[in-house]
Amino acid sequence: MTAYFISTSNLSGGLRSPILRLQTELDRARQEATTGVSADPGLALGAKSGRVVSARGETARLTALVEANSVTTTRLQATQSALSHLGDVAKSFRDTLLGAAQGDPSARAALRQQASSQLAQALSALNVNVGGRYLFSGAESDVVPMRGAANGAQAMTNAFVAAFGSTPDAPASATINGAAMRAFVQGAATNLFNDANWAADWSAVGDAPTRSRISPDEIIDSSVSANAPAIRKLTQALTMMSELGAQSLNTEAYQALAGEAASLTADAMGGLTLLTAKAGATSQRVSEASDRMSAKIALLSGDMDRLEGVDAYEAATRVTRLQTQLQAAFSMTSQLRGLNLFDYLT
């Protein structure tokens, strides 16, 4: 004969494990009803869970590239704006050169002042930064690309003195003829803007461009260098007219100087147009890469949703069912705890 020991403690304690299981299942069902994703993908998918892990890693990598491309696009758009401004400076200066009354001393003074002002504008445009990174510094984006005009301006005056034996403002400069002035501009003045002198007097950065990975298999040059020939030519033209366009020069020499400056400015305008177009094409390439990656991210997300996704309606129904079962279990436990053998003894 077997004896069974029955107590309210044993009965209520026996419900503890089912209640804990119901609470765990309810938490899982609530999570799935809220997120629409399996609470335990590894358990639900088994061997297929590796596909989800791979897709999630690829999605994170592509998302990071798309976000980086957004920064690159912003920098390229700002670069185009700066180049457009330089183009406006060049056009305004060339038009003034072509229309100047070159025999009028007051017109010379105004043109000289304009050249000095627009040189400052050009240097300011080249030193623009986005997010603390300088647009025209290439790989050295933490370095201000252009120095001030002081050293370059002094070098121009020194070269003039070395060539003609007098400063541009000295009365002796009135004896310089047009041929001599053209020879000076095309020789000594142009040499001031070769690689070595440009680096010494104007530019603080090298030629290495900013390299940007715009997709898993694409790396591009995403910057414009302050050392570009078009920028040097514009700087040379503005410096010549601001430092050498003195009233002491005779008409022939002044016309030769202004003509050479106009030619340099026209070349600079063409070069700036090409640089602007190149920056625009690069920006478009970045946008297209981002569009392709965004489309792939959408496909991967859809694949993950199909693998991890659950029926939200079924999950909500399961939540209701589990809540009912849990309430019944709690009610039964409460009733069992309220039983007392002494209540049934007569």
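Quick note: structure is the one above.
Computed from a prediction, not measured in an experiment: that's the story for all the values here. (Residues numbered from 1 in each chain as written. Predicted model: local features only at pLDDT ≥ 70, side-chain atom pairs only at ≥ 80, totals over all residues. Heavy atoms only, no water.)

**Structural notes on the overall build of the protein**
Then, number 1: Along the protein, the regular secondary structure elements total 11 helices and 4 strands.
Then, number 2: Burial statistics for the protein: of 346 residues in total, 39% are counted as buried.
Then, number 3: For the protein, contacts bridging at least 24 residues in sequence account for 78% of all contacts bridging at least 6.
Then, number 4: When the accessible surface of the protein is summed, it comes to about 18,000 Å², and 55% of that surface belongs to carbon and sulfur atoms. (Helix = DSSP H or I, 4+ residues; strand = E, 2+ residues; numbered from the N terminus. Buried < 20%, exposed > 50% of the residue type's maximum accessible area, 1.4 Å probe, protein only. Contact = heavy atoms within 4.5 Å. Areas by Shrake-Rupley, 256 points an atom, 1.4 Å probe, with all protein chains shown as cover.)

**Digging into the pairing of strand 3 (residues 211-215)**
Then, number 1: Where strand 3 and strand 4 (residues 218-221) come together, 4 bridges link them in antiparallel fashion. Looking at strand 4, one finds that serine 212 is bridged to isoleucine 220.
Then, number 2: Between the antiparallel neighbours strand 3 and strand 4 lie 2 residues. (Pairing = 2+ DSSP bridges.)

**A short note on the pattern of salt bridges**
Then, number 1: In this structure the tally under the stated criterion is 10 salt bridges.
Then, number 2: Aspartate 169 is the partner of arginine 112 in a salt bridge, and the nearest nitrogen-oxygen pair spans 3.1 Å. Linking arginine 112 in helix 5 (residues 105-126) with aspartate 169 in the loop between helix 6 (150-164) and helix 7 (178-191), this pair joins segments that are 57 residues apart in sequence.
Then, number 3: The exposure class assigned to aspartate 169 is partly exposed, which follows from its relative accessible area of 46%.
Then, number 4: Residue aspartate 195 pairs with arginine 232 through a salt bridge whose shortest N-O separation is 2.9 Å. (Salt bridge = Lys/Arg side-chain N within 4 Å of Asp/Glu carboxyl O.)

**Observations regarding the nonpolar core**
In a soluble, globular protein the nonpolar side chains are often hidden away together inside.
Then, number 1: Core analysis: the largest hydrophobic core is formed by 53 residues, its most contacted members being Met181, Phe184, Met240, Met241 and Leu272.
Then, number 2: For this core, the elements supplying multiple residues, two or more each, are helix 4 (49-99), helix 5, helix 6, helix 7, helix 9 (229-244) and helix 10 (251-308).
Then, number 3: Ranked by residues supplied to this core, first place goes to helix 10 with 12 residues.
Then, number 4: Not counting residues within four places of it along the chain, the set of residues in contact with methionine 240 comprises Met156, Val185, Ala189, Gly245, Leu257, Glu260, Ala261 and Leu264.
Then, number 5: Residues Ala55, Leu62, Leu65 and Met293 belong to the second largest nonpolar core, which totals 6 residues. (Core = buried A, V, L, I, M, F, W, Y, C linked by side-chain atoms within 4.5 Å.)

**A closer look at the side chain of serine 223**
Then, number 1: Among the secondary structure elements, serine 223 is positioned in the loop between strand 4 and helix 9.
Then, number 2: Here threonine 210 takes part through its backbone nitrogen, which lies 2.9 Å from a polar atom of the side chain of serine 223.
Then, number 3: Residues in contact with serine 223, not counting those within four places in the same chain, are Leu135, Gly138, Pro209 and Thr210. (Polar contact = N/O pair within 3.5 Å; in protein donor to acceptor, adjacent residues only side chain to side chain.)

**Side note on the packing of helix 6 against helix 9**
In a pair of packed helices, the angle between the axes and the distance between the axes together describe the arrangement.
Then, number 1: At a minimum axis distance of 10 Å, the contact between helix 6 and helix 9 shows a crossing angle of 65°. In terms of crossing hand, the pair formed by helix 6 and helix 9 is right-handed. Only Thr239, Met240, Glu243 and Leu244 of helix 9 make contact with helix 6, whose side of the interface consists of Gly152, Ala153, Met156, Thr157 and Phe160.
Then, number 2: Broken down by class, the residue content of the contact of helix 6 with helix 9 amounts to 5 nonpolar, 3 polar and 1 charged. (Axes fitted to C-alpha atoms, helices over the stretch in contact; angles between N-to-C directions. Left-handed = near helix turned anticlockwise from the far one by under 90°. Nonpolar A, V, L, I, M, F, W, Y, C, P; charged D, E, K, R; others polar.)

**Brief notes about the packing of aromatic side chains**
Then, number 1: The final tally for this structure, using the stated rule, is 6 aromatic pairs.
Then, number 2: Note on phenylalanine 193 and tryptophan 198: the rings are 6.1 Å apart at their centroids and 45° apart in plane angle, and the pair reads as tilted.
Then, number 3: Its relative accessible area of 6% is what places phenylalanine 193 among the buried residues.
Then, number 4: Judged by centre distance (6.0 Å) and plane angle (25°), the rings of phenylalanine 193 and tryptophan 202 are stacked. An identical accessibility class is assigned to phenylalanine 193 and tryptophan 202; each is buried. (Phe/Tyr/Trp six-rings, centres within 6.5 Å; stacked < 30°, edge-to-face > 60°.)

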